[in-house]
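The primary structure of each chain is shown beneath.
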Amino acid sequence: MSHKAANKVRATVMDSIKHALRNVPAAQSAPPQIPGRPNPMDSVKDLTHAFRTRLESVGGQVHLVPDACGTRDLLRTLVKSNDWQEIAVTDSPLVAQATDELDATTFQGSKDIDRLACCSLGITGVQHAIAETGTLVLFSHAEAHRLTSLLPPVHIALVDQSQIVLGLGEALSIAHKVDGGEPPPLVTFITGPSRTADIELTMVTGVHGPRELIVILIAPDSF
Amino acid sequence: MSVPNNKAIQHNAPIAHLKANDFKSASQAALQDAPLRRALAKATATFKQRRLGALEEVADWEALRTHGRAIKDETLSRLDHHLVRFVDQATARGTQVHFAATREEACTWIADLAERLDVKTVVKSKSMTTEEIGLNAALEERGLHPVETDLGEWIIQLANETPSHIIVPAIHKSRESVAKLFEERLGAEPDLDAIRLTQLAREILRGSYLEAELGVSGINFAIAETGSFLVLENEGNARLTTSLPRVHVAIMGIEKLLPRWEDLETFLRLLPRSGTGQHLTSYQSIFTGPKRNPEDEGPEEVHVLILDNGRSKILDNDVTRETLACIRCGACLNACPVYAQVGGHAYGSVYPGPIGAILTPQLAGSKEAVPLPGASSLCGACRDVCPVKIDIPRILLHQRNEVTRKLPMHAPFERLAMKVFARMARTPGLWHGSLTLARPFLRFAAGSSLPSRALRRMIPPLAAWSKKRSLPAPARHSFRQRYRRKNS
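Model, not experiment: these values are computed from the prediction. (Residues numbered from 1 in each chain as written. Chains lettered and ligands numbered in written order. Predicted model: local features only at pLDDT ≥ 70, side-chain atom pairs only at ≥ 80, totals over all residues. Heavy atoms only, no water.)

Caption draft 1: Quick peek at the pattern of salt bridges. Per the stated rule, a full pass over the model turns up 40 salt bridges over all chains. The shortest N-O distance in the salt bridge between Glu-57 of chain B and Arg-54 of chain A comes to 2.8 Å. With Glu-57 of chain B in the loop between α2 (34-56) and α3 (61-77) and Arg-54 of chain A in helix α2 (residues 44-57), this pair bridges two chains. Note that Asp-391 of chain B and Arg-383 of chain B form a salt bridge whose closest N and O atoms lie 3.6 Å from each other. One continuous salt-bridge network, built from bridges that share partners, spans Arg-69, Asp-73, Glu-322, Arg-383, Asp-384, Asp-391 and Arg-394 of chain B. (Salt bridge = Lys/Arg side-chain N within 4 Å of Asp/Glu carboxyl O. Helix = DSSP H or I, 4+ residues; strand = E, 2+ residues; numbered from the N terminus.)

Dropping the structure here:
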């Protein structure tokens, strides 16, 4: 469609909308108080507990570790017991630190999609986590998480207790201005494994994304 | 029950594959379809129960609904302003925004884009708007290869059918029939279970993803303030559709806007709970423009196509404008006693159930969907579950009124009958007198004896009415009579 024709279509649609609203008074703005927010929590331990309970309720696996060493040990154990050979990672320095001594080949998932599509595990960090909903929050400008958290059948996310915020409101409010006062090109919320119930409402995980979501959560306050 | 999907766009109705005027025969056929009714009963009951469970954890659900509706009212009353803002903000962040006044324009625009990009395979994530415009048929006509990737939508596409539920498109299909379909169309082993069927879908669709260069998605909410938009899902297919292909096209109706970024919070609490009874679906993606550096992940081009297709006409009606507040959660379908019996295909529209009954005639014209406003018992369950408090029964009544007004043959008789009734109802003596006379007659007519049944068949309005319903017999004595007797 030519530029001129496109402008004409836009004008047609906008004119019909303006015409439709010619006698409609502007409705009041919705009140600024947002209902349904969770009750505040006092301690990091409570936030951690709420996050964990929520995510486990939708089939996510959550492992608490006391420190970065704990993360490395647990990762090594998981990789060994599952015999994961090829592991995709993101560009997050935290992920690099946690995976540098693994008994497996690691590669940057976003750089080699064909390899990513065949590998057995993707490891990412997160930017935040939400206690209210058990959700991982990832920003594309902070970490190239898009495909590494999606293509492999298992996704391991490394989280620190300091990243947990109370509710959707807090997470959205951070995301709104996080990339130089702007939202990043992509904000991803992940709450549990990929799932479907399209065949007779039978729940099946791993339909297009990971069938397993494992969170390794550094939570010194919970020990 | 399956409705064959005619490949060509049949006529110029604003909704693809529209057959809403066949509601009577289609619903009767559905009522005879035992497997369909079992599937519907299970699905609607499950979703209703899950929704209730999900509401329990919210402190003040009513306040949340009120807030959601206030945001929608605010948006709709100044939709022109918010749309202009969305276009400006999205454009400033590198998203290309386009408009389509009709479904033909929308389909043509997407097909033209595919040709310009020289792509053959187009991967699609679930979008009711693309169902409305009949995008797949239109792309196929132009020699393109659209692939649905939502499992339910893919099943429907393989079976050449239309969706029967807004949230669970293949709700009408049994596991056996899906297994048979995969065996016939994909050469799968016979009688696979749901897990194996899903795995097979994953394997096959991965291939399509890796070769597709154009991804088409819908939009759940668009944000005027930042030119962003959000897509909700459980499977991850929308994430793949919007991540792997070089170009991403997102299509939405003009009404999908929210004024502010922060408004997402309320709708993220309302939509998943109302739709699937989840506190949140597995994935939400909020998109703001294409990738910024060549080495980044994500599409190089992001397009938003904004569709009118009759919506501005709905906006122009004070009585029915609130139809546009709908966020397509599907809660009214699950709550509706009519939908639970006849299922989505009977409505002959991609938008079935109570919301479909009010939306379809408004989008397509009341002549194209005459029976739909009548497809309700006006019980009000749809209004009670609606997360944005759309008064569907009120709109149904309004539409019945409109339809009746346009029926020249019936109108004089009905008008006279209603006038007589109104006079009687306003004159107590006449009312009680006629009821006293009618009582024994109605008691007789409601009976099950042969003469009673013969009588019912002889009186035309009673005959039509009682064909599918049992006539309730009035009590021997009226409430007033009994009350008087008790107190004397």
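From this point, the narrative continues.
Caption draft 2: Region of interest: the interface of chain B and chain A. Every contact between the two is made by 95 residues of chain B and, on the other side, 78 residues of chain A. Interface area, chain B with chain A, both sides summed: about 7100 Å², of which 61% is carbon and sulfur. Viewed at the interface, chain A and chain B are joined by 6 salt bridges. Between Asp-179 of chain A and Arg-292 of chain B there is a salt bridge whose closest N-O contact spans 2.5 Å. (Contact = heavy atoms within 4.5 Å. Buried area = accessible area lost by both parts, 1.4 Å probe.)

Caption draft 3: Just the domain arrangement of chain B, in detail. Domain parsing of chain B yields domain 1 (20-312) and domain 2 (411-487). Relative to domain 2 of chain B, the C-alpha centre of domain 1 of chain B lies at a distance of 50 Å. (Domains from an automatic or database assignment.)

Caption draft 4: Main features of the packing of helix α16 (residues 353-364) of chain B against helix α18 (residues 392-405) of chain B. All names here are of chain B. Contact pair α16 / α18: the axes reach a minimum separation of 10 Å and the direction vectors enclose 40°. The angle between α16 and α18 places the two elements in the oblique class. Where α16 crosses over α18, the handedness of that crossing is left-handed. On α18, the residues touching Pro-354, Ile-355, Ala-357, Ile-358, Pro-361 and Gln-362 of α16 are Ile-392, Ile-395, Leu-396 and Gln-399. When grouped by side-chain class, the residues that make up the contact of α16 with α18 number 8 nonpolar, 2 polar and no charged. (Axes fitted to C-alpha atoms, helices over the stretch in contact; angles between N-to-C directions. Parallel < 35°, antiparallel > 145°, perpendicular 65-115°, else oblique. Left-handed = near helix turned anticlockwise from the far one by under 90°. Nonpolar A, V, L, I, M, F, W, Y, C, P; charged D, E, K, R; others polar.)

Caption draft 5: View of the packing of aromatic side chains. In this structure the tally under the stated criterion is 7 aromatic pairs over all chains. Members of the aromatic cluster, each reached through a chain of ring pairs, are Phe-23, Tyr-339 and Tyr-347 of chain B. The ring of Phe-107 of chain A has Arg-115 of chain A sitting right over it, with the charged end atom 4.2 Å from the ring centre. Above the face of the Phe-47 of chain B ring, Arg-50 of chain B is positioned so that its terminal group lies 5.8 Å from the ring centre. (Phe/Tyr/Trp six-rings, centres within 6.5 Å; stacked < 30°, edge-to-face > 60°. Lys NZ or Arg CZ within 6 Å of the ring centre and 35° of its normal.)

Caption draft 6: Expanded view of unusual backbone geometry. Residues and elements named next belong to chain B. Residues other than glycine seldom take positive phi values, yet Asp-191 does so here, at roughly 55°. Summarising the element assignment, Asp-191 is placed in the loop between α9 (175-186) and α10 (194-211). Residue Asp-191 is classed as exposed on the basis of its relative accessible area of 53%. One non-glycine residue, Arg-328, lies in positive phi territory at about 55°. Take Arg-328: it is sitting in the loop between α13 (311-315) and α14 (331-335). On the accessibility criterion, Arg-328 (11% relative accessible area) is buried. (Buried < 20%, exposed > 50% of the residue type's maximum accessible area, 1.4 Å probe, protein only.)

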